[in-house]
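Report on the structure
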2 protein chains.
Amino acid sequence: MNELKMSKAFTLIEPGPVVLITTNDGKKNNIMTISWTMVLDFTPAFALTTGEWNYSFAALRKTKECVISIPTVDMLDKVVGIGICSGVKLTPVEAKKVKAPLIKECLANIECKVIDIVKKHNIVVLEAVAAYFDSLRKEKRTIHAVGDGTFIVDGRKLDRKKMMASKIPNGLQL
Amino acid sequence: MNELKMSKAFTLIEPGPVVLITTNDGKKNNIMTISWTMVLDFTPAFALTTGEWNYSFAALRKTKECVISIPTVDMLDKVVGIGICSGVKLTPVEAKKVKAPLIKECLANIECKVIDIVKKHNIVVLEAVAAYFDSLRKEKRTIHAVGDGTFIVDGRKLDRKKMMASKIPNGLQL
């Protein structure tokens, strides 16, 4: 995994892929699958929605840290398996600035600090502090949950960089 | 456009497509392109991020209403055009429960009420009150913004309904 510039990290979440969230509560690593995430700022900052019903929420609240890991389509059954039960095997890799682990098998990993929790809506606000991208990985297609048990795989990519030049943040322009 | 059951409306946003948000400030319709959205609840409730810099934010705050419209890949240049300038032509259709218009050309439309604004993070919290889906439309592939001027088109759909049966909300199960 190569380090990714912080200015590019929001582009991992903006397309809306299913992600894995890892936490470490001081005793052990935990992992959850979610697709309720959103970019909040280019800095980057992110929001995710979870709540008391989720084991990882306690760790997020206590440690104020997590890693957002982005799986690809070849990992779909593991991603769904994590959402249903525990016991799915993935390889934890030590992170640099948080105790939650990176996931070796994932396309990208973003180390995050919890900077706020909007209790009324179960929104956890995250600030990224480091990001990694596995550019050597062949399979780069992410997956998007529909919510009814089906998933949409990334299809082709269309380029509108010229048309959008005035709107693209610094560091990502042509 | 056919009415869509409210229990299915979250499945339009969960995959993370680029959406158009329409508002009506009492004088005229306005439209913006955003991809910073998130499902908050199956009811459904949604979050979107925008702020003072966006003309539509004033209308959202004042009228507490909007429509989320979901465009498809054949509309990409219009979607990008709306993000850059005004003057893009789309056909407004009267909504049932809000003054903001539906967009005729879009695959789906969700009428929403603004139920909260989390000022600290520029998060607008929406509750859906009606939803529509154009099932006769041939092109159903939505688009996902990467944020660098490129867009990912929906690819193929993978079915994990059986594996996920215990986790799928009522009304969407096999």
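What you see is a predicted model; the values in this text were computed from it and never measured. (Residues numbered from 1 in each chain as written. Chains lettered and ligands numbered in written order. Predicted model: local features only at pLDDT ≥ 70, side-chain atom pairs only at ≥ 80, totals over all residues. Heavy atoms only, no water.)

1. A word on the pairing of strand β2 (residues 19–24) of chain B
Residue and element names in this part refer to chain B. Operational definition: For the exposure calls, accessible area comes from a 1.4 Å probe over protein chains only, and a residue counts as buried if that area is under 20% of its type's maximum, exposed if over 50%, partly exposed in between. Strands here mean DSSP runs of E at least two residues long; helices mean DSSP runs of H or I at least four residues long; both are numbered from the N terminus. For two strands to be treated as a pair, DSSP must find no fewer than two bridges joining them.
Counting buried positions over the 6 residues of β2 gives 6, a clear majority of the element. By the alternation rule, side chains of β2 split into V19, I21 and T23 and L20, T22 and N24, which are all buried. Alignment of β2 against strand β3 (residues 29–34), held across 6 bridges, turns out to be antiparallel. Directly across from N24, in β3, lies its bridge partner N29. A loop of 4 residues connects β2 with β3, the two strands running antiparallel in sequence, and G26 in this loop sits at a positive phi of about 100°. Where β2 meets strand β6 (residues 65–70), 3 bridges bridge the pair, whose relative direction is antiparallel. Across the sheet, the residue bridging to I21 is I68, located in β6.

2. Considering the state of the cysteines
Our working definition: Here, the term disulfide refers to a pair of cysteine sulfur atoms separated by no more than 2.5 Å.
Counted under the stated rule, the structure contains 0 disulfides over all chains. Free of any disulfide, C106 of chain A has its nearest cysteine sulfur in C66 of chain A, 13 Å distant.

3. Let's talk about the environment of W53 of chain A
With respect to the element layout, W53 of chain A can be found in the loop between β5 (45–49) and α2 (55–63). C-alpha separation for the pair W53 of chain A and N122 of chain A, spaced 69 residues apart in sequence, amounts to 11 Å.

4. Describing the interface of chain A and chain B
Stated formally: Should any heavy atoms of two residues lie within 4.5 Å, those residues are considered in contact. Accessible area that two parts lose when put together, with a 1.4 Å probe and added across both, is what the buried area reports. What makes a salt bridge here is a side-chain nitrogen of Lys or Arg within 4 Å of a carboxyl oxygen of Asp or Glu, nothing more. In protein, a polar contact requires one atom able to donate a hydrogen and another able to accept it; more generally it is a pair of N or O atoms within 3.5 Å, and residues adjacent in sequence count only if both atoms are side-chain atoms. Classification convention: Asp, Glu, Lys, Arg as charged; Ala, Val, Leu, Ile, Met, Phe, Trp, Tyr, Cys, Pro as nonpolar; all other residues, Gly among them, as polar.
Each partner contributes residues to the interface: chain A has 53 residues there, and chain B has 53 residues. At the boundary of chain A with chain B, total buried surface from both sides reaches about 4900 Å², with 64% on carbon and sulfur atoms. At the surface where chain A touches chain B, the tally comes to 4 salt bridges. Between chain A and chain B we count 22 residue pairs in polar contact (both at pLDDT 80 or more) in total. Secondary-structure elements contributing two or more residues to the side of chain A that touches chain B are α1 (10–13), β4 (37–41), β5, α3 (76–84), β9 (108–118), β10 (123–133), β11 (143–145) and β12 (150–159) of chain A. Top element by residues in the side of chain A that touches chain B is β12 of chain A. It accounts for 10 residues. By residue class, the composition of the side of chain A that touches chain B is 27 nonpolar, 13 polar and 13 charged.

5. Overview of the pattern of salt bridges
One pass over the structure, following the stated rule, counts 12 salt bridges over all chains. E3 of chain A is the partner of K96 of chain A in a salt bridge, and the nearest nitrogen-oxygen pair spans 2.6 Å. Taken together, the residues span a long stretch of sequence, with K96 of chain A in the loop between β7 (92–93) and β8 (102–103) and E3 of chain A in strand β1 (residues 2–3) at a distance of 93 residues. Of the two residues, K96 of chain A and E3 of chain A, neither departs from the other in class, the shared state being exposed. Across the pair D77 of chain B and R160 of chain A runs a salt bridge, and its minimum N-O distance is 2.5 Å. Here D77 of chain B, found in helix α3 (residues 76–84), pairs with R160 of chain A, found in the segment after β12, and the two come from separate chains.

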